[in-house]
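Here's the letter readout for the chains.
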Amino acid sequence: MQAINDFILAAAGQPWVLVLVLACCVIDGFFPPVPSESVVVGLAAVAATADVPNPLLLAGVAAAGAFAGDNIAYLLGRRVGTTRWAWMRGPRMQAAFRWAGRELRKRPASLILVARFVPIGRVAVNLTAGVTHYPHLRFVGLTVLSASLWAGYSVTIGLFFGQWFEDNHVLGAAIAIVCAVALGILVDLVINKFRGKPNVVERIREPGA
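The notes below deal with the structure included here. What you are looking at is a predicted structure, and each value in this text was computed from that prediction instead of being measured.

### Some words on a nonpolar patch on the surface
- On the surface, W16, V19 and L20 cluster together to form a nonpolar patch covering roughly 310 Å² of accessible area.
- Of note, W16 is situated in helix α2 (residues 16-28).

### Things to note about the pattern of salt bridges
- Under the defined criterion, the tally for this structure stands at three salt bridges.
- A salt bridge links D28 to R122, with the nearest nitrogen and oxygen atoms 2.3 Å apart. Of the two residues, D28 sits in helix α2 while R122 sits in helix α7 (residues 119-131), which places them 94 residues apart along the sequence.
- According to the relative accessible area criterion, R122 is buried, its value standing at 1%.
- With its nearest N and O atoms 2.7 Å apart, the salt bridge here joins R116 to D70. Note that R116 is positioned in the loop between α6 (108-115) and α7 and D70 in helix α4 (residues 55-80), a separation of 46 residues in sequence.
- Here D70 falls in the buried class, since its relative accessible area comes to 2%.

### Some remarks on the packing of helix α3 (residues 36-50) against helix α8 (residues 136-162)
- Interhelical geometry of α3 versus α8 gives an angle of 45° and a closest axis separation of 7 Å. If you check the angle between α3 and α8, you find them oblique. Considering only the axes of α3 and α8, their crossing is right-handed. Listed contacts from α8 to S36, E37, V40, V41, A44, A45, A47, A48 and T49 of α3 are W150, S154, V155, I157, G158, L159 and G162.
- Split into classes, the residues belonging to the contact of α3 with α8 amount to 10 nonpolar, five polar and one charged.

### Focus on the nonpolar core
- One finds V21, V40, L43, L58, A62 and W150 to be the most contacted residues of the largest nonpolar core, which totals 27 residues.
- Counting residues per element, the ones that place at least two in this core are α2, α3, α4 and α8.
- For this core, the leading source of residues is α8, giving seven residues.
- Setting aside anything within four residues of it in sequence, one finds L58 in contact with L18, V21, V40, L43, A44, P53 and V155.
- Ranked by size, the runner-up nonpolar core spans 19 residues in total, among them Y74, A96, F97 and L142.

### Examining the packing of aromatic side chains
- Taken as a whole and assessed by the stated rule, the structure comprises two aromatic pairs.
- When the ring of F117 is compared with that of Y153, the centres are 5.2 Å apart and the planes differ by 75°; the resulting orientation is edge-to-face. Of this pair, F117 sits in the loop between α6 and α7 while Y153 is found in helix α8, placing the two residues 36 residues apart along the sequence. For the pair F117 and Y153, a shared accessibility class is recorded, and that class is buried.

Basis of the calculations
- Residues numbered from 1 in each chain as written.
- Predicted model: local features only at pLDDT ≥ 70, side-chain atom pairs only at ≥ 80, totals over all residues.
- Heavy atoms only, no water.
- Patch = residues over 30% accessible without salt bridge, like charges linked within 9 Å, V, L, I, M, F, W, Y side chains within 5 Å.
- Areas by Shrake-Rupley, 256 points an atom, 1.4 Å probe, with all protein chains shown as cover.
- Salt bridge = Lys/Arg side-chain N within 4 Å of Asp/Glu carboxyl O.
- Helix = DSSP H or I, 4+ residues; strand = E, 2+ residues; numbered from the N terminus.
- Buried < 20%, exposed > 50% of the residue type's maximum accessible area, 1.4 Å probe, protein only.
- Axes fitted to C-alpha atoms, helices over the stretch in contact; angles between N-to-C directions.
- Parallel < 35°, antiparallel > 145°, perpendicular 65-115°, else oblique.
- Left-handed = near helix turned anticlockwise from the far one by under 90°.
- Contact = heavy atoms within 4.5 Å.
- Nonpolar A, V, L, I, M, F, W, Y, C, P; charged D, E, K, R; others polar.
- Core = buried A, V, L, I, M, F, W, Y, C linked by side-chain atoms within 4.5 Å.
- Phe/Tyr/Trp six-rings, centres within 6.5 Å; stacked < 30°, edge-to-face > 60°.

So, in structure tokens, the structure goes:
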């Protein structure tokens, strides 16, 4: 375990770590299996006690990557639709696309902001916004805000929990990641509870929705 901790500390101080963060955040905007939250939150947990990478720089890189990824997804949706590739045609993703299409017509601004915190939800919303030709300049403005909020939230979660596990960076990062994912789902549940609507997770789990 100490060897793993030492490796994480050594890697966190390398410049290429921020390149990895940027790449993960960009790809995660349009391809859900890439875990950008895990990378950002985990590194922030390390930064809480090791001071590397710089938390502000980490948040800035994560926000830039998230913004780029969301807008790439928008452009992909406009150009290729939501059935071009096999991973798009699965029942869960198609249910998510149908849900996103309906909700974008009703509450586009709040949906784009909230979806950034839900991995599959943000991909569905980003692609669907492109397919439905949601105004691009408005989408850009909303994703500047959503990417900044998401990056700040992810780094804050990592810093908070990382301070609790100063001697075990692996455990601190793991707990921070779990809490970040759980809080993202909680945000969706709370907002939709007040609106009286099914949440993102429920809609994705209903292939026939």
